[in-house]
Amino acid sequence: MNTPTPPSFLSRIAIAIGSFFAILGNARLAGDVRRLRTGEPLAADAPPKEVRVEVPVEKIVETRVEVPVEKLVEKIVEKRVEVSTDTAALQLLGLLQREARFVDFIQEDVAPYADAEIGAAARVVHAGCRKVLAEHFTLAPVRAEAEGARITLAAGFDAAAVRLSGNVVGQAPFTGQLTHRGWQATEVRLPQLTDARAAAIIAQAEVEL
């Protein structure tokens, strides 16, 4: 009787993989393998039986996955640019220059001019600045009382809205005379910028041809 040639390493890998799936799918075969591994003798007189090993193969199922797609709606969105504090300050300065020639007036050395000439120029600057404030800001007094009235500030008053002057001693409450009602902006209506960098140009250079 010829001794069969042992299978090669690659063949043993294939056998191991096939046996793995066969044992999973065949309980009887799994029991035989377990008995063999525990050293139980096989029946010598048992006629050889052809063992047909069926290796289960995963069934490839084509699955159609439908992904919902959002309906695209065309929208016209106004382009907005986030305006920083510095940019807003430059934008306001540009408005004062455009309407009141504010920067020109402040940068001018007024020492050589007579008071009447300065007063005439100041009237123009005043009118332009007033126009800018009216168009782009809503202003209201900080305090509702009339100037000159006696008021009392209770403990915990808003120090950012009220400034104390004179003989400030001790702790609140404080009683004193309202010398200025103060101003606060309740609404700001600066023009919307499309290029924040353009705000740095307070006034364009002018060239006459």
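Residues numbered from 1 in each chain as written. Predicted model: local features only at pLDDT ≥ 70, side-chain atom pairs only at ≥ 80, totals over all residues. Heavy atoms only, no water.

A few words on unusual backbone geometry. Cis geometry is adopted by the peptide bond preceding Pro-173, which originates at Ala-172 and carries an omega value of 15°. Inspection of the secondary structure assignment puts Pro-173 in the loop between strand 2 (150-153) and strand 3 (174-177). One non-glycine residue with positive phi stands out, namely Arg-101, at about 50°. Relative to the elements of secondary structure, Arg-101 occurs in the loop between helix 3 (85-100) and helix 4 (102-107). Residue Arg-101 is classed as partly exposed on the basis of its relative accessible area of 46%. (Helix = DSSP H or I, 4+ residues; strand = E, 2+ residues; numbered from the N terminus. Buried < 20%, exposed > 50% of the residue type's maximum accessible area, 1.4 Å probe, protein only.)

Before going further, it helps to examine the environment of Ala-122. Topologically, Ala-122 is positioned in helix 5 (residues 115-136). Taking the relative accessible area as the measure of exposure, Ala-122 reaches 29% and is therefore partly exposed. With 20 residues separating them in the primary sequence, Ala-122 and Phe-102 have C-alpha atoms 9.4 Å apart.

Okay, the packing of aromatic side chains next. Describing an aromatic ring pair means giving the distance of the ring centres and the angle of the ring planes. Considering all chains together, one arrives at 1 aromatic pair under this definition. Centre to centre, the rings of Phe-157 and Phe-174 are 6.3 Å apart; their planes meet at 85°, and the pair counts as edge-to-face. Of this pair, Phe-157 sits in the loop between strand 2 and strand 3 while Phe-174 sits in strand 3, and the two are 17 residues apart along the sequence. Residue class for Phe-157 comes out partly exposed when judged on its relative accessible area of 24%. The exposure class of Phe-174 is buried, given its relative accessible area of 18%. (Phe/Tyr/Trp six-rings, centres within 6.5 Å; stacked < 30°, edge-to-face > 60°.)

What follows covers the pattern of salt bridges. Evaluated as defined, the whole model comprises 6 salt bridges. One salt bridge in this structure joins Arg-98 and Glu-99, with 3.5 Å as the shortest N-O distance. Exposure remark for Arg-98: the relative accessible area of 56% places this residue in the exposed category. As a salt-bridge pair, Arg-197 and Asp-195 come within 3.3 Å of each other at their nearest N and O atoms. Since its relative accessible area comes to 71%, Arg-197 is described here as exposed. Taken together, the shared-partner salt bridges connect Arg-98, Glu-99 and Lys-131 into one network. (Salt bridge = Lys/Arg side-chain N within 4 Å of Asp/Glu carboxyl O.)

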